[in-house]
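Listed below are the residues making up each chain.
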Amino acid sequence: MIIEKLERQLEFIIEVDKLKNIYRQNYIVDKSRRENDVGDTFLYDDVGNCDKRSREERAAERIFGILSKEQKDEMITVWEEFEARETPESQFAASLDGLH
């Protein structure tokens, strides 16, 4: 059981590491390269923003689904808290996310 949980965690880390290869439309502060992140929907892309939430939900289910059910549920809860921006912590995290 512990070995299986560890294997799932390692698989999750490897999957998340792939995000380094996805580049966003905006540049980092020194403008030396584009920011890398999960697939980007440009802020002013009206069409792309129509289904953004459903795409993000599918991605969250896929990526967090690599983990054990307990860890998946915890990660989904934290992600949903961030998206809702209702708690002081999620508002702070969102402000840092938007700072760039």
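See the structure above.
1. Regarding the environment of R58
Among the structural elements, R58 can be located in helix α3 (residues 52-64). Exposure remark for R58: the relative accessible area of 53% places this residue in the exposed category.

2. Some words on the pattern of salt bridges
Evaluated as defined, the whole model comprises nine salt bridges. E15 serves as the salt-bridge partner of R62, at 2.9 Å between the closest nitrogen and oxygen. Of this pair, R62 sits in helix α3 while E15 sits in helix α1 (residues 2-17), and the two are 47 residues apart along the sequence. On the accessibility criterion, E15 (17% relative accessible area) is buried. For E61, the salt bridge goes to K72, with nearest N and O atoms at 2.8 Å. Here the residue E61 occupies a position in helix α3, and K72 occupies one in helix α4 (residues 69-84), the gap between them amounting to 11 residues. The exposure class assigned to E61 is partly exposed, which follows from its relative accessible area of 42%.

3. A word on α4
Its 16 residues give α4 an end-to-end C-alpha distance of 22 Å, which sits within 8% of 22 Å, the value for a rise of 1.5 Å per residue. Along α4, the residues that are buried comprise Q71, I76 and W79. An end-on view of α4 places all buried positions within 135 degrees of arc, on one side of the element. Residues K69, E70 and E74 are exposed on α4 and point more than 90 degrees away from its buried face. Each element contacted by the buried residues of α4 is listed here: α1 and α3. Two residues or fewer after α4 comes R85, characterised by a positive phi angle close to 55 degrees.

Definitions and limits used
- Within each chain, residue numbers correspond to sequence positions counted from 1 in written order.
- Per-residue local features are limited, in this predicted model, to residues with pLDDT of at least 70; the limit for side-chain atom pairs, both in listing and counting, is 80 or more; totals at the level of whole chains, interfaces and linings are taken over all residues.
- As a rule here, side-chain values come from all non-hydrogen atoms in the structure, and water together with hydrogens is ignored.
- The secondary structure listing takes helices from DSSP runs of H or I that are at least 4 residues long and strands from runs of E that are at least 2 residues long, numbered from the N terminus.
- Only protein chains enter the accessibility calculation, which uses a 1.4 Å probe; a residue whose area is less than 20% of its type maximum is buried, one above 50% is exposed, and one in between is partly exposed.
- We define a salt bridge as a side-chain nitrogen of Lys or Arg found within 4 Å of a carboxyl oxygen belonging to Asp or Glu.
- Between the first and last residue of a helix there are one fewer steps than residues, each counted as 1.5 Å, and that sum is the expected span.
- The arc in question is the one spanned by the directions pointing from the helix axis to the C-beta atoms.
- The contact criterion used is simple: two residues touch if any of their non-hydrogen atoms lie within 4.5 Å.

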